[in-house]
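Here are the chains, one letter per residue:
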Amino acid sequence: MDANTLNQTEAWVIALLLFTLMLISSFIGKLLGNYIRDKKSTQEKSTETSALTALLFFLLAFTFGMSGDRYDSRRKIVVEEANSIGTALLRSDLYPDSTRNLFRKDFKQYVEARISYYQAGADIKGIMKADSLSQLISSSLWKRAATLAKDPANLAATQQMIPALNDMIDATTSRLAGEKAKVPQSIIIMLIFLAIISAFYGGYSEGRKDRADWLIQIGFCLIVSLVVLFTLDLDRPRRGFVNLDVPNQTIIDLRKNFE
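All values reported here derive from a predicted model rather than from experimental measurement.

Let's hear about the packing of aromatic side chains: which residues, and what values?
The full count for this structure, using the stated rule, is 6 aromatic pairs. Judged by centre distance (5.0 Å) and plane angle (35°), the rings of Y95 and F103 are tilted. Considered together, Y95 and F103 belong to a single accessibility category, that of buried residues. For the pair F200 and Y201, a centre-to-centre distance of 5.4 Å together with 80° between the ring planes defines the contact as edge-to-face. Overall, F200 belongs to the partly exposed group, its relative accessible area being 21%. Taken together, Y95, F103 and F107 form an aromatic cluster joined through their ring pairs. One residue, R144, lies across the ring of F103, its end atom 5.4 Å from the ring centre. Its end group placed over the ring of Y117, R238 keeps NZ or CZ at 4.7 Å from the ring centre.

Here it is, written out as structure tokens:
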């Protein structure tokens, strides 16, 4: 399975495909188990299934934890970015009115650029365009603050504005890096194959013991598929069921400062 294809495919499609493949693997394992049992006329108690299941659930918990941590980090970065923009905007009030108005004009454009960055969704071109615009405006803000810093009359304002702008610019870099940081696709692929293999051996074990509780097998496949679904969903904040709409609202609310 190609990693790029996996990343571009919707999480629910992957989960549905996994559920189907696990059911098929379990059925094939049951047929093979029945065949071997009938051929040998014996019933053996297999122990490899429990070990595989334990390994599968360990990897599921590990991967889900990775996705959860990354989601929480992205959420915090968005709130921190909104706070840093709001702080820098407030500190523009320390300058004379003419300078303050210039700052506020640029900050208004900057806020709109960051909102566009969020509203771009999964559109890569839209994301990069909004990010480039954000960098352009933040560069203009920095140059203005640096120029004003040369005037001793602006010493107090400069001491407050420069750190705030620095935090604001750093937040955009952290946010972009946070969105690129995902659970390695190799782990997801390994998890999918392990789930299919575990389903096969589960069916095989049931066949060797001459019993078939398909309700349990279907439930096992469903639970694993749902965990994989939400693991992938947490790792894709720009699409899916779990998103960053609530924290991003803090940036949208910054528009109120210009009304």
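Having seen it, we continue.
Lay out the packing of helix α5 (residues 124–148) against helix α6 (residues 155–180) with the relevant residues and their values.
When two helices pack together, you describe them by how their axes are tilted relative to each other and by the distance separating the axes. The N-to-C vectors of α5 and α6 enclose an angle of 165°; their axes lie 10 Å apart at closest approach. Here α5 lies roughly antiparallel to α6, going by the angle between them. Of the two possible hands of crossing, α5 and α6 adopt the one that is left-handed. Touching D131, S138, L141, W142, A145, A146 and L148 of α5 are T158, M161, I162, L165, N166, M168, I169 and L176, all from α6.

About the cut-offs
- Residues numbered from 1 in each chain as written.
- Predicted model: local features only at pLDDT ≥ 70, side-chain atom pairs only at ≥ 80, totals over all residues.
- Heavy atoms only, no water.
- Phe/Tyr/Trp six-rings, centres within 6.5 Å; stacked < 30°, edge-to-face > 60°.
- Buried < 20%, exposed > 50% of the residue type's maximum accessible area, 1.4 Å probe, protein only.
- Lys NZ or Arg CZ within 6 Å of the ring centre and 35° of its normal.
- Axes fitted to C-alpha atoms, helices over the stretch in contact; angles between N-to-C directions.
- Helix = DSSP H or I, 4+ residues; strand = E, 2+ residues; numbered from the N terminus.
- Parallel < 35°, antiparallel > 145°, perpendicular 65-115°, else oblique.
- Left-handed = near helix turned anticlockwise from the far one by under 90°.
- Contact = heavy atoms within 4.5 Å.

Coordinates in, geometry out; function isn't part of it.
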